[in-house]
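Take a look at the letters that make up each chain.
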Amino acid sequence: MAGREITFHNKVEIKVQAQIFTGNTLVGTCVAGPGETGVLPAESVRYDIYLKDGATGWVIARQMDSDAKFLTLTRSNGRYIII
């Protein structure tokens, strides 16, 4: 499905790289600083989401087989959470 977009809200204190995959294919990426919003293109209805620390590249949160149109990264009790 061409033209689909996912909105990513970064509500944590670090720069985050968001990546959207379908299977093993990267179909969208963006970088958002603290408090920023980014938009990722997506080619399908379901996809895998990986959120990485912008400085180290470590995966800090992921959500598999998602159909979300809006993502928000928050932090609670020292853990990063996608809502």
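Throughout this document, residue positions are counted from 1 along each chain, in the order its sequence is written. Local features in this predicted model are restricted to residues whose pLDDT is 70 or higher, and side-chain atom pairs enter the listing and the counts only when it is 80 or higher, whereas totals over whole chains, interfaces and linings include all residues. Processing note: side-chain calculations cover all non-hydrogen atoms of the structure and skip hydrogens and water entirely.

1. Let's talk about the sheet that holds strand β3 (residues 25-32)
So the rule is basically this: Pairing between strands is defined by DSSP: at least two bridges between them are needed. Secondary structure follows DSSP: runs of H or I at least 4 residues long count as helices, runs of E at least 2 residues long count as strands, and numbering of each begins at the N terminus. To get an axis, fit a line to the C-alpha atoms, keeping to the stretch in contact for a helix; angles then go from 0 to 180 degrees between the N-to-C directions.
The strand order across the open sheet built from four strands is β3-β2-β5-β6, with neighbouring strands paired in antiparallel fashion. Looking along the sheet, the strands with just one partner apiece sit at the ends: β3 and β6 (59-66). Taken over all neighbouring pairs, the strand axes of this sheet differ in orientation by 15° on average, direction set aside. Across five bridges, the pairing between strand β5 (residues 47-53) and β6 is antiparallel. By the bridge assignment for β6, Ile49 is matched with Gln63.

2. Re the sheet that holds strand β4 (residues 37-42)
Here we have four strands laid out as an open sheet, ordered β4-β1-β7-β8, and mixed in their pairing. Only two strands of the sheet have a single partner each, and these edge strands are β4 and β8 (79-82). In this sheet, neighbouring strand axes are inclined to one another by 25° on average, regardless of whether the strands run parallel or antiparallel. Note that strand β1 (residues 4-10) and β4 share six bridges and pair antiparallel. Paired with Phe8 across the two strands is Gly38, which belongs to β4.

3. Things to note about the pairing of β8
Direction of pairing for strand β7 (residues 70-76) relative to β8: antiparallel, over a ladder of four bridges. By the bridge assignment for β8, Ser76 is matched with Arg79. Remark: two residues form the turn of the hairpin made by β7 and β8, two consecutive strands paired antiparallel; Asn77 in that turn has positive phi of roughly 50°.

4. Some remarks on the side chain of Asn10
Condition: Side-chain atoms alone can form a polar contact between residues adjacent in sequence; in general such a contact is a pair of N or O atoms within 3.5 Å, and within protein one must be able to donate a hydrogen while the other accepts it. Every residue pair with non-hydrogen atoms within 4.5 Å of one another is taken to be in contact.
Within the secondary structure layout, Asn10 lies in strand β1. A polar contact is formed between the side chain of Asn10 and the backbone oxygen of Ile14, at a distance of 2.9 Å. In terms of polar contacts, Asn10 uses its side chain to reach the backbone carbonyl oxygen of Gly33, at 3.1 Å. Excluding its chain neighbours within four sequence positions, the residues that come into contact with Asn10 are Lys15, Val16, Ala32, Gly33, Pro34, Gly35, Glu36 and Leu73.

5. Some words on the environment of Ile6
Heads up, the condition is: Burial here depends on accessible area, computed with a 1.4 Å probe over protein chains only, as a share of the maximum for the residue type. Under 20% is buried, over 50% is exposed, and the range in between is partly exposed.
Inspection of the secondary structure puts Ile6 in strand β1. Using a relative accessible area of 0% as the deciding quantity, one classes Ile6 as buried. Counting along the chain gives 61 residues from Ile6 to Asp67, while the straight-line C-alpha distance between them is 9.4 Å. Not counting residues up to four positions away in its chain, the partners in contact with Ile6 are Gly38, Val39, Leu40, Ala42, Tyr47, Ala68, Lys69 and Leu71.

6. Re the pairing of β1
Across the seven residues that make up β1, a large majority, five, are buried. Where β1 meets β7, four bridges bridge the pair, whose relative direction is parallel. Across the sheet, the residue bridging to Thr7 is Phe70, located in β7.

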